[in-house]
Amino acid sequence: MDSQQELKDKLLSIKDVMALINVSRRTIYNWIDKGILAPVRIGSIYRFHPENIEALTQKDFPRSGRILSIDDDLLVRESIKNVLKPFGFQVSVASSCEEALGLITQESFDLVLVDMRMPGINGIETLKAIRGLRARLGMKPIPEIVLTAYVDQREEVEELGVA
């Protein structure tokens, strides 16, 4: 066995790294570009030393996040999910305040995205309900982003303290 093949057998592939630390291929390339992860190139293939991956798992920075997207429009919910998933985010979706509250009690989230205008309970009231539920459950507040295509609702958003 030649030395290049021996080296290749000792190193991890991109697929190995993806499986070991549960990140996307895009995240790995992003880390390479930023100098966070140093690959070994064998021909045109990237390989990684196992000890570098182990050290990476011990760094204190987010590799992925859990996002709750609340929107009454199915196309918008799925679009948000499809845009964020390749970056390593795990996106759960809800179509209403009630559905979102159910998910909040079952899963932990790092961010909430909510549409301003929804039938029934709107985005502002949904955020108030989420904040109240999290407070009752002794959970810390999480970042929130209000999405709207209407500029006339700025005062309502500012009143909530999320602008």
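Residues numbered from 1 in each chain as written. Predicted model: local features only at pLDDT ≥ 70, side-chain atom pairs only at ≥ 80, totals over all residues. Heavy atoms only, no water.

Caption draft 1: Representation of helix H5 (residues 74–84) in the model. Listing the buried residues of H5 in full gives Arg77, Ile80 and Leu84. For H5, the angular spread of the buried residues around the axis is 65 degrees, confining them to a single face. Residues of H5 that are exposed and point over 90 degrees away from its buried face: Leu74, Leu75, Asn82 and Val83. Where H5 begins, one side-chain oxygen reaches toward the backbone nitrogen of Leu75, 2.8 Å away; that side chain belongs to Asp73. (Buried < 20%, exposed > 50% of the residue type's maximum accessible area, 1.4 Å probe, protein only. Helix = DSSP H or I, 4+ residues; strand = E, 2+ residues; numbered from the N terminus. Arc of directions from axis to C-beta. Polar contact = N/O pair within 3.5 Å; in protein donor to acceptor, adjacent residues only side chain to side chain.)

Caption draft 2: Main features of the sheet that holds strand S3 (residues 66–70). Here we have four strands laid out as an open sheet, ordered S4-S3-S5-S6, and parallel in their pairing. Strands with a single pairing partner mark the edges of an open sheet, and in this sheet they are strand S4 (90–94) and strand S6 (144–147). Geometrically, the sheet is characterised by an average inter-axis angle of 20 degrees between neighbouring strands, direction not taken into account. One ladder, built from four bridges, connects strand S5 (residues 111–115) with S6; its direction is parallel. Each bridged residue has a counterpart across the sheet, and for Leu113 the counterpart in S6 is Ile145. Packing against the sheet, H5 makes contact with S3, S4, S5 and S6, and its axis sits at approximately 175 degrees to S4. The strands touched by helix H6 (residues 97–106) within the sheet are S3 and S4, with S4 carrying the most contacts at an inclination of about 140 degrees. (Pairing = 2+ DSSP bridges. Axes fitted to C-alpha atoms, helices over the stretch in contact; angles between N-to-C directions. Contact = heavy atoms within 4.5 Å.)

Caption draft 3: The arrangement of the nonpolar core in detail. Ranked by internal contacts, the top residues of the largest apolar core, which has 17 residues, are Leu68, Ile70 and Val112. Among the elements of the structure, S3, H6, S5 and helix H7 (123–136) are those that each provide at least two residues to this core. (Core = buried A, V, L, I, M, F, W, Y, C linked by side-chain atoms within 4.5 Å.)

Caption draft 4: Region of interest: H7. Relative to the 20 Å expected for 14 residues at 1.5 Å per residue, H7 spans 20 Å between its end C-alpha atoms, a close match to the ideal helical length. All buried positions along H7 are accounted for by Gly123, Ile124, Thr126, Leu127, Ile130, Leu133 and Arg134. Here H7 starts with a cap whose side-chain oxygen sits 3.0 Å from the backbone nitrogen of Ile124, and that cap is Asn122. Positive backbone phi, at 75 degrees, marks Gly138, one or two positions downstream of H7. (Expected span 1.5 Å × (residues − 1).)

Caption draft 5: Seen up close, the environment of Gln90. With respect to the helices, strands and loops of the structure, Gln90 is situated in strand S4. Spatially, the C-alpha atoms of Gln90 and Asp110 are 9.9 Å apart, while their sequence positions differ by 20 residues. Beyond its immediate chain neighbours, meaning those up to four positions away, Gln90 contacts Asn22, Gly65, Arg66 and Ile67. A polar side-chain atom of Gln90 sits 3.1 Å from a polar atom in the side chain of Arg66.

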